[in-house]
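# Structure assessment
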Protein chains: 2
Amino acid sequence: MKKVTLKTIAEIAEVGVSTVSMSLNDHPNINPETKKRIKQIAKELNYVPNIIARAMVRKQTSLIGVVIPQIEGSFYPSILEGLEDIFTEKLFSTVLCVTNHSQEKEHFYMSLLCDKHVDGIIIEPSREFIGEIENFTPYLEKIPTIFTLQQYKPDSFTNVIVNNEKGGFLAGEHLAEACEERILFVGGPKGWYTNQRLKGFQVALEKKGRSLSQEDCHFTTRYTYEAGRKVAAEILSQKQDFDGIFAASDIMAMGIMHELREKNIRVPEDVSLVGFDDLPFVSMLEVPLTTVAQPQFELGNVMGQKLIEQIEEYHSTPELIVLEPTLIVRQSTRKRI
Amino acid sequence: MKKVTLKTIAEIAEVGVSTVSMSLNDHPNINPETKKRIKQIAKELNYVPNIIARAMVRKQTSLIGVVIPQIEGSFYPSILEGLEDIFTEKLFSTVLCVTNHSQEKEHFYMSLLCDKHVDGIIIEPSREFIGEIENFTPYLEKIPTIFTLQQYKPDSFTNVIVNNEKGGFLAGEHLAEACEERILFVGGPKGWYTNQRLKGFQVALEKKGRSLSQEDCHFTTRYTYEAGRKVAAEILSQKQDFDGIFAASDIMAMGIMHELREKNIRVPEDVSLVGFDDLPFVSMLEVPLTTVAQPQFELGNVMGQKLIEQIEEYHSTPELIVLEPTLIVRQSTRKRI
DNA sequence: TTGAAAGCGGTACCAC
DNA sequence: GTGGTACCGCTTTCAA
């Protein structure tokens, strides 16, 4: 049971290797008869083309590098599934690179991908990485690359992002309608995501004749449950005259909700709460969370599609693709009658 | 700015390609002087070895195929991170294959991996797939393969699994101490996981002088939130003389918890509830869930390690590695005074 | 210590 | 329509 190659088949069929190659690749000018015969033999021998050899001459690997900061957290899985969905169809495979928010790993993976000669790269740059990534732009410019979630040089690279400002706007609009007193904003670390969401939020409130003062805005250092609890505790120790909170991530919203409950503040009766992301399980919470849904699967799908287009068209102009979030109203926001 | 190959360097250094190759690979019998000189040139030219070409002659790709039924659900991410952790260290890359529980995709990916000539495979067989996978065993026997979570031919392949029976036992023991009335079991579809967990659960109850009748065992068709809700509704319509439930998955436990709450049955005051998995967010629930934790990260880490061992040692004997789960007591189970 | 040459398994050009 | 053959970029004998 040794490996069967084109040569093996050629010998058995008593034809040349090139004929075999062409037959198997359905090349037009080959006698259908021969084609059929050869395919038959190939099947019988259980022939499997050696992708490596093919990759070498075709100069492409059918491999796509996907660089993300983490997998945990329920947000990335859906994106990955969206990607997979389109990749499998086109016979590309995903090479997973999880940087774990470490600069060192990001560097490591980037050079790995350049070495591995992947056909394309999808990367969500972490804030800290933006500096680091500059080192690779010369490489990246020679290989189809898509940046996602966080915008990066949209003039040079295709970006597939979510309209965070719109998301903030939706949250603001909704809370403005549900609340009578002050409405608070809880962001993560100041940066792309939080700033954009805050901006839209503010616009919406103003449009509804509400205001959002400096003191109504709170920021955490990380988008975590603990950070949410902590900031909620701080808020509660300071003021009571609010009945709405927009948290810039579902995970933080969960922390906030937990803290409120411990202080006997009911959601949504006393305080309306809106999150951001629409993680798969927030609909299963005791009080299902109203939230701004990012189109996670679609994100993956769209960027996969765009990347493949770029790979196949050899060269193409960078696009800025902005996907729209949607508001999903569940039970953490009060319904005005 | 064209690609630099060994040849480029050879011409500049005025030596043969093989000398360059050997120098760059630190081959022993090459003059340290030449070596240094060549390495210098390579660096200046920003030479990057073409992994594809190397792969072809070395007949290995540094790629590992990972076949799992889904990524969503928070269980797999941790496993993947455990894997990545060890793979990056050893310079292997993960080729992600998400089958989405579809037989067709499983088939597709398996043949893809065989084609792609990955150096090793890690696979969690889904129940339905076990039949399908038989078709590939001839291939798999020629390539280091590890099966995980669900046991599969431990005589032929290394298996890295979790002691599900022990997990069930821990849950049983704990509930037996917390409860005074009947204790119920809610499993997923009958099969490896559910059966093992039930077995251990039963043993524990019996050891504590409790019994578990047929009617106390319920089974769902899927490990989902909805299934949990549904089964809880059924249970509630039938009997009231219970004060403990062991659900064979956290997600189902969440559904059960939700349904109980809607019927004004308090957890843990009225009913103690134990889950299985320890998904990252169950500690953040309104009533943090007592659950049997699977060592997710460790799972990934261990199987990564074992696989690499197998790859490097060329041949090795199959091992059956069983990791132990632990009980994490949180607030969904009543504490007896 | 070095280098020429033979592949690895395909693809594709160009004669026939 | 078919097949011989020259690569792709690298590793690895083996002879010099």
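The structure presented is a predicted model; accordingly, all values stated were derived computationally and were not measured.

## Some details on the pairing of strand 6 (residues 182–187) of chain A
All names here are of chain A. The element strand 6 is largely enclosed, with a buried count of 5 among its 6 residues. One ladder, built from 5 bridges, connects strand 6 with strand 8 (residues 242–247); its direction is parallel. If you follow arginine 182 over to strand 8, its bridge partner there is phenylalanine 242. Judged from the 3 bridges that link them, strand 6 and strand 7 (residues 217–219) form a sheet pairing that is parallel. Note on strand 7: the bridge partner recorded for valine 186 is histidine 218. With helix 10 (residues 192–207) bridging strand 6 and its parallel neighbour strand 7, the resulting β-α-β unit is right-handed.

## Some thoughts on helix 10 (residues 192–207) of chain B
Residue and element names in this part refer to chain B. Under the 1.5 Å per step criterion, the end-to-end length of helix 10 is 23 Å for 16 residues, consistent within 8% with the ideal 22 Å. Three or more residues of helix 10 are buried, namely Tyr193, Thr194, Gln196, Arg197, Leu198, Gly200, Phe201, Ala204 and Leu205. Next to the buried residues of helix 10 lie helix 9 (164–178), strand 6 (182–187), strand 7 (217–219), strand 8 (242–247) and strand 9 (272–277). A positive phi of about 75 degrees marks glycine 209, the residue just after helix 10.

## A closer look at the protein's contact with DNA strand C
Close contacts around DNA strand C come from 25 residues, with Lys3(A), Ser18(A), Ser21(A), Arg54(A) and Thr19(B) the closest. A breakdown of the atoms of DNA strand C within 4 Å of the protein gives sugar and phosphate a share of 63%. Here a sugar or linking oxygen of DNA strand C sits 2.9 Å away from a polar atom, N or O, in the side chain of Lys59(B). At the level of secondary structure, the elements contributing two or more residues to the surface near DNA strand C comprise helix 2 (17–24) and helix 4 (51–58) of chain A together with helix 2 (17–24) and helix 4 (51–58) of chain B. Sort the elements by how many residues they give to the surface near DNA strand C and helix 4 of chain A lands first, with 4 residues. Residue composition of the surface near DNA strand C, grouped by class: 11 nonpolar, 11 polar and 3 charged.

## With respect to the environment of Leu205(B)
Residue and element names in this part refer to chain B. Looking at where leucine 205 falls in the secondary structure, it is placed in helix 10. Separated by 12 residues in sequence, leucine 205 and tyrosine 193 place their C-alpha atoms 18 Å apart. Dropping the residues within four chain positions of it, leucine 205 is found in contact with Gly172, Ala176, Ile183, Arg210, Ser211 and Leu212.

## Looking at the pattern of salt bridges
Residues and elements named next belong to chain A. For the coordinates displayed, the defined rule picks out 34 salt bridges over all chains. Where aspartate 241 meets arginine 182, a salt bridge forms, and the shortest distance between an N and an O atom there is 3.7 Å. Here arginine 182 lies in strand 6 and aspartate 241 lies in the loop between helix 11 (225–238) and strand 8, a separation of 59 residues in the sequence.

## Brief notes about the pairing of strand 1 (residues 63–68) of chain B
Residue and element names in this part refer to chain B. In terms of burial, strand 1 is largely enclosed, as 6 of its 6 residues are buried. As paired elements, strand 1 and strand 2 (residues 93–98) share 6 bridges and run parallel to each other. Bridged to leucine 63 within strand 2 is serine 93.

## Describing the domain arrangement of chain A
Residues and elements named next belong to chain A. Along its sequence, chain A is carved into domain 1 (6–48), domain 2 (61–162 + 296–324) and domain 3 (164–294). One C-alpha centre belongs to domain 2, the other to domain 3; they are set 30 Å apart. Opposite the 12 residues of domain 2 that make contact, domain 3 presents 13 residues. Taken together, both faces of the contact between domain 2 and domain 3 bury some 1100 Å²; the carbon and sulfur share is 50%. At the boundary of domain 2 and domain 3, one finds 1 salt bridge.

Quick notes on the rules
Residues numbered from 1 in each chain as written. Chains lettered and ligands numbered in written order. Predicted model: local features only at pLDDT ≥ 70, side-chain atom pairs only at ≥ 80, totals over all residues. Heavy atoms only, no water. Buried < 20%, exposed > 50% of the residue type's maximum accessible area, 1.4 Å probe, protein only. Helix = DSSP H or I, 4+ residues; strand = E, 2+ residues; numbered from the N terminus. Pairing = 2+ DSSP bridges. Right-handed = clockwise from strand over helix to strand, strands pointing away. Expected span 1.5 Å × (residues − 1). Contact = heavy atoms within 4.5 Å. Near = heavy atom within 4 Å. Polar contact = N/O pair within 3.5 Å; in protein donor to acceptor, adjacent residues only side chain to side chain. Nonpolar A, V, L, I, M, F, W, Y, C, P; charged D, E, K, R; others polar. Salt bridge = Lys/Arg side-chain N within 4 Å of Asp/Glu carboxyl O. Domains from an automatic or database assignment. Buried area = accessible area lost by both parts, 1.4 Å probe.

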